[in-house]
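# Structural description and commentary
Here is what each chain is made of, one letter per residue.
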Amino acid sequence: MDLSPDDWLAALRAGELNLDREGLAERLAELSADQALGLLAWWLEQLLAGGLGYGLGQFADLVGRPQGVAAAVLLRQALGTAQGGSPDPALLALLLPLLGYQRDPEDFPGLQALALNPGALVLRRGALEGLARGLSCWPLGPLRQLLVQLSADLDPQLAATAMDLLARLPWAREGLSAVAARGVDPLLAPRLARRRAAAPPSDLLLLIHGRSGGVVPDELLQLAEELRQQRGCRVIVQPLTDPLAAEQALALEPAPLTLVPLFQLPGHHVRHDLPAIAAQWRLRRWPLRRLPFLGAWPRWQQELAEALGEAQAQGWRPELLHHPLGGPLAARYPQALSQRLGLPCRPWDVAAYSGERALLVPLAVAANRLSETLQRWERPPGVQVWPPLLQQLRFRRLLLEQLLLLA
Amino acid sequence: MTSAPLSKIEQAKAERCGLALEPELESLARRGWEQLSEAELTIQLKWLGIFFRPVSPGRFMLRLRLPNGVINAEQLTVLAEALDRCGAEGSADLTTRQNLQLRGLLFEDMAPLLKLMRAVGLTSRQSGHDNPRNITGNPLAGIDPEEFIDTRPLVLAIQELLLGPDGPRNLPRKFNVAVGGAPDSFLLHNDLAFLPARLDGDLGFTVMVGGFFSAQRNELAIPLGIWLRPDQLAGFSLALLLHFEREGNRSARNRSRLMYLIEELGLDGYRDQLLASYGEAVVAHDGSHLVDRAPRSCLGVHGQAQPGLHWVGLHVPMGRLDGELMLALAQLARTYGKGELRLTEAQNLLITDVPTGLLPTLLAEPLLQRFRPDPGPLQAEAVSCTGSRYCSFALIPTKTTAQAVIDELERRLELPNPLRSHWTGCSNACGQPYMGEIGLMGAKARHNGEMVEAAKIFLGGSLGVDPQLAQLHEKAVPLVELVGVLEQLLLDRFGARRRPQLVQ
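Residues numbered from 1 in each chain as written. Chains lettered and ligands numbered in written order. Predicted model: local features only at pLDDT ≥ 70, side-chain atom pairs only at ≥ 80, totals over all residues. Heavy atoms only, no water.

### Examining the overall build of chain A
This is how it is decided: Numbering of helices and strands runs from the N terminus, with a helix taken as a DSSP run of H or I at least four residues long and a strand as a DSSP run of E at least two residues long. With the radius of gyration taken over C-alpha atoms, the globule rule is written as 2.2 Å times the number of residues to the power 0.38. Only protein chains enter the accessibility calculation, which uses a 1.4 Å probe. A residue is then buried if its area is under 20% of the maximum for its type, exposed if over 50%, and partly exposed in between. Note on contacts: a residue pair is in contact if any heavy atoms of the two residues lie within 4.5 Å. For this count, His and the chain ends are skipped, Lys and Arg are scored as positive, and Asp and Glu as negative. A charged residue contributes its charge at one atom only: NZ of Lys, CZ of Arg, CG of Asp or CD of Glu.
Looking only at helices and strands, chain A features 19 helices and eight strands. Computed over its C-alpha atoms, the radius of gyration of chain A comes to 30 Å, more than 25% above the 22 Å expected for a compact globule of 407 residues. Seen along its three principal axes, the alpha-carbon backbone of chain A occupies a region of about 105 × 45 × 40 Å. For chain A, the residues scored as buried account for 51% of the 407 residues in total. Counting only contacts in chain A whose residues sit at least 6 apart along the sequence, the fraction spanning at least 24 positions is 74%. Distance from the positive charge centre (39 side chains) to the negative charge centre (39 side chains) of chain A: 10 Å.

### A word on the overall build of chain B
Tallying secondary structure elements over chain B gives 14 helices and 24 strands in all. Whereas a compact globule of 504 residues would reach a radius of gyration of roughly 23 Å, chain B reaches 22 Å, a difference of no more than 12%. Summarising its shape, the C-alpha atoms of chain B cover approximately 70 × 60 × 55 Å along the three principal directions. Taking all 504 residues of chain B together, 61% fall into the buried category. A separation threshold of at least 6 residues defines the contact pool for chain B, and within that pool the share at least 24 residues apart is 69%. When the 51 positive and 57 negative side-chain charges of chain B are each reduced to one mean point, those points stand 4 Å apart.

### Digging into the interface of chain B and chain A
What counts here: Using a 1.4 Å probe, buried area is obtained as the accessible area two parts lose upon being combined, added over both of them. Any Lys or Arg side-chain nitrogen found within 4 Å of a carboxyl oxygen on Asp or Glu counts as a salt bridge. By the criterion applied in these results, polar contacts are pairs of N or O atoms within 3.5 Å in which, for protein atoms, one can donate a hydrogen and the other can accept it, and in which residues neighboring in sequence qualify only through two side-chain atoms. Residues are grouped as follows: Ala, Val, Leu, Ile, Met, Phe, Trp, Tyr, Cys and Pro are nonpolar; Asp, Glu, Lys and Arg are charged; every other residue, Gly included, is polar.
Listed as interface residues are 34 residues of chain B and, on the opposing side, 29 residues of chain A. Buried surface at the junction of chain B and chain A, both sides included, amounts to about 2900 Å², of which 48% is carbon and sulfur. When the buried surface of chain B facing chain A is broken down by residue, Arg 30, Pro 57 and Arg 85 of chain B rank first, second and third, together holding 22% of it. At the boundary of chain B and chain A, one finds nine salt bridges. Among the salt bridges present, the one from Glu 108 of chain B reaches Arg 103 of chain A, with a minimum N-O distance of 3.8 Å. Our count for the chain B to chain A interface comes out at 13 residue pairs in polar contact (both at pLDDT 80 or more). Contributing elements (two or more residues each) for the side of chain B that touches chain A: α2 (25–31), α3 (38–42), α4 (73–84) and α5 (107–119) of chain B. Residue classes in the side of chain B that touches chain A are distributed as 13 nonpolar, eight polar and 13 charged.

### Quick notes on the domain arrangement of chain B
All names here are of chain B. So the rule is basically this: Delimitation of the domains relies on an automatic or database domain assignment.
Under the domain assignment used here, chain B contains domain 1 (8–119), domain 2 (152–284), domain 3 (300–370) and domain 4 (382–502). In total, about 1900 Å² of surface goes out of reach between domain 1 and domain 3, with carbon and sulfur atoms giving 61% of it. On the domain 1 side of the interface with domain 3, the three residues burying the most area are Ala 73, Leu 76 and Leu 94, jointly 31% of the side's total. Linking domain 1 with domain 3 are one salt bridge. Its salt-bridge partner being Asp 93, residue Arg 320 comes within 2.9 Å of it at the nearest N-O pair. Across the contact surface, domain 1 and domain 3 share nine residue pairs in polar contact (both at pLDDT 80 or more). The set of elements that each furnish at least two residues to the side of domain 1 that touches domain 3 consists of β3 (70–72), α4, β4 (91–94) and β5 (100–105). The biggest single contributor to the side of domain 1 that touches domain 3 is α4, with eight residues.

### Some details on helix α14 (residues 243–250) of chain A
All names here are of chain A. Quick note on the threshold: Working definition: the arc comes from the directions between the helix axis and the C-beta atoms, pointing outward to the latter.
Of the positions making up α14, those classed as buried are Ala 245, Ala 246, Ala 249 and Leu 250. In a view along the axis of α14, the buried residues occupy a sector of 135°, so they form one face of it. Turned more than 90 degrees from where α14 packs its buried face, Leu 244 and Gln 248 sit exposed. Looking at the buried residues of α14, the elements they touch are β2 (235–239) and α15 (268–283).

### Considering helix α16 (residues 298–313) of chain A
Residues and elements named next belong to chain A. Rules: Multiplying 1.5 Å by the residue count of a helix minus one yields the expected span of that helix.
The end-to-end C-alpha distance of α16 is 22 Å, a good match for the 22 Å that 16 residues give at a rise of 1.5 Å each. Those residues of α16 that fall on the buried side of the exposure criterion are Trp 300, Gln 301, Glu 303, Leu 304, Ala 307, Leu 308 and Ala 311. Looking down the long axis of α16, one finds its buried residues gathered within 160° of arc, a one-sided arrangement. Within α16, the exposed residues directed more than 90 degrees away from the buried face are Pro 298 and Ala 313. Among the structural elements, β5 (317–322), α17 (328–341), β7 (358–362) and α19 (393–405) are those in contact with the buried residues of α16. Residue Gly 315 follows α16 closely and has a positive phi angle near 95°.

### Quick word on the pattern of salt bridges
Taken as a whole and assessed by the stated rule, the structure comprises 58 salt bridges over all chains. The salt bridge involving Glu 38 of chain B is made with Arg 65 of chain A; its shortest N-O contact spans 2.8 Å. With Glu 38 of chain B in helix α3 and Arg 65 of chain A in the loop between α4 (60–63) and α5 (69–83), the pair connects residues from two separate chains. When its relative accessible area of 17% is taken as the criterion, Arg 65 of chain A is described as buried. Notably, a salt bridge pairs Glu 129 of chain A with Arg 59 of chain B, separated by 2.7 Å at the nearest N-O pair. With Glu 129 of chain A in helix α8 (residues 121–133) and Arg 59 of chain B in the loop between β1 (50–52) and β2 (60–63), this residue pair bridges two chains. For Arg 59 of chain B, a relative accessible area of 4% translates into the label buried. Several salt bridges converge on common partners, so that one network encompasses Asp 164, Arg 191, Arg 194 and Arg 195 of chain A together with Glu 81 and Asp 84 of chain B.

### Section: the sheet that holds strand β3 (residues 257–261) of chain A
Residues and elements named next belong to chain A. Cut-off, in case you're wondering: The rule for pairing is simple: two strands pair if DSSP sees at least two bridges between them. For helices, the fitted axis covers only the stretch in contact; all axes are lines through C-alpha atoms, and the angles between them, taken along N-to-C directions, range from 0 to 180 degrees.
Read from one edge of the open sheet, four strands run β2-β1-β3-β4, paired in parallel fashion. Looking at the sheet topology across the chains shown, the edges are occupied by β2 and β4 (288–290). Across this sheet, the average inter-strand angle for adjacent strands is 25°, counted without regard to direction. The pairing of β3 with β4 spans three bridges and is parallel. Directly across from Leu 259, in β4, lies its bridge partner Arg 290.

Structure (structure tokens):
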């Protein structure tokens, strides 16, 4: 034990020392980063030359401590060499967790392929443990997809581990629901139920237009409060008209966030402001996913169709009205909605209303200038004006249901 | 005042308090904990109870705080759920400080787990490194027909002050505090122990200081010479730890436990300084106390102080649990008791408040085949450190070795009384081998020309009225010979007899 770390390493390389856990554990504390890397290199060489037969495997956890580009390169090279010829799955499985521990996104495809490959089980489990040790550094989408797939694997241990890892990802409820939909080994069903029960709902960011000065319409305030209580998560309301509120919200502790654009029409705000706002949140390290603007949700359109169908059955002639939209892309939405509902859809123009038994429907999620103009308008007898959609119970209930169902 | 340069560890501690890392855990999990410096990863995180484990890089350990070893089913369920997600990598150890540590967690688990723990009143704060460790008390506090005083509120009050805004954040070394409340409260292995003592008919505590075990030295605590009322314990503990924080030795970690400071100042000098810091009047005392016997095993069915209620002590083999077992235990506690469990220093657990009428059904539960209320006399009080599976210092796989050896000895022998054996993997003595009637310490020995795993044997530890530390009896016995050597010892010294079918 009087040897300096360099001399100790040299003696090790020269085969003058027998390695034991006690000596190694004591030495590790004295080694510099370069020396620890040298030890890893030596161990990998010995392992590749002699295999697991000499008890070298027992030191994997100790020598695998270095982390960084150089260690990752050494491990990749060793894995490459080990995979040639007739590879020993147990040896490869020993190295894969160490590679995952390097937490370099470059290694995801390799670990993914090994975890999926219908090869030796020990190897697939080793690859999955590698993925576990680097969990947060892998690309989220492909990782989620892989884990959903592995959760249905025929090996229950592999499937259970995949499920457990899925439960740790942002928007875990979504991934676990996908697993449930695919079906799992009955033995693992209680495990899946436990994971699903404990998976937290993501926070919500309700992006709204807002009124002048950042005022939030009452119906939206009420919706946000109901969501907070029933979903048990943070609900952030961001009016486009209040940049200060956005800045305050961005300063909160980041957590997985679902951006819900509460816009009926794909106007300038949806096409330009929304991507910019999403980028701003991501820049501040919020894991964020975007939903389509509300007017495009099939279930929302279906509710609209049903409600207006009921009005027609009572003898009303609904007309959908929207504020002016810029550009041909935005204009396609009113056309599509008009076709879907079989009703006229046009910009509001006081001179063009349709007369007797007309039901004027402003395409407004919450109170806005258009809905208020229509409410104030001295309409001729026999003409009705719908309130904004969220001021109607059926639309508020539907939106609440949909947002409660979100993962 | 010493001007010696700070060691690497002291520098890391002085740089910033590890508690400051807590708000960053969530974003670190997303951005990648590999961005942490070596000091943050291996030292500062321990202020949050999070341990980077060199033996399983990438899989972390979380050590809790369970004051007085009390935990409820809801809390246990939260921990079990976290562990359950670790699959085969996850396990929990009951520790010799009535505590739990969870192994196999990913860094990504930490922030959400700490949040859930907070919601059910659990914390892991300052449970590792140079901090006041989990505070122990009578595992039967409040239900013990023999207790002098319920230690639970006292332990809680001490913890509250020590972790509060004025508590120590940078001690020179770890620090163990314990409060005794019954005639079997052996606590002299703690840096600071409060033992129940009467003064002029009033029940209070005599203060014992300086006990510790280490690789270099083992000491039992000695009387400080003062007596305290129960309501003084928390304030006095805070004063003592703050004094230790100011005055303790930071230049040599192997001479930094409290006993070294006491020796440096002399007991009288130490007491004078300490009382000046405390600032409240205390009464001089001769150190006599009401603890007069070794700790009860607590296993089996026992009547509580509350008529009609019982505690059922269950043996946890080698103190190791997994998520599924913890969920099942929580369910047992809910079904048969009031949802409370207690942990003992012997790494076993108790379900409390079981009504008489429910005892037969509880005792017939299949889970009690694994966690037996009536284990063999060697199993019952076998204590073990973690061993080489999770600790790079351990020279032997302590838990599995102990289990195999004890199983074989119980197969061969009958013993008249339970026997306390303490197993530890290395000289750091986490398994407290000096407290065992038999103590075993991992070692290496030459056997047939090769270095092999072995164990040193210590004998004579006594935790009764005249406490003694076990002394070395036999140097490194190869593990392959251990059963035979222990068998002979048990026959010669502990009244064991060979089971009839094995007698030739």
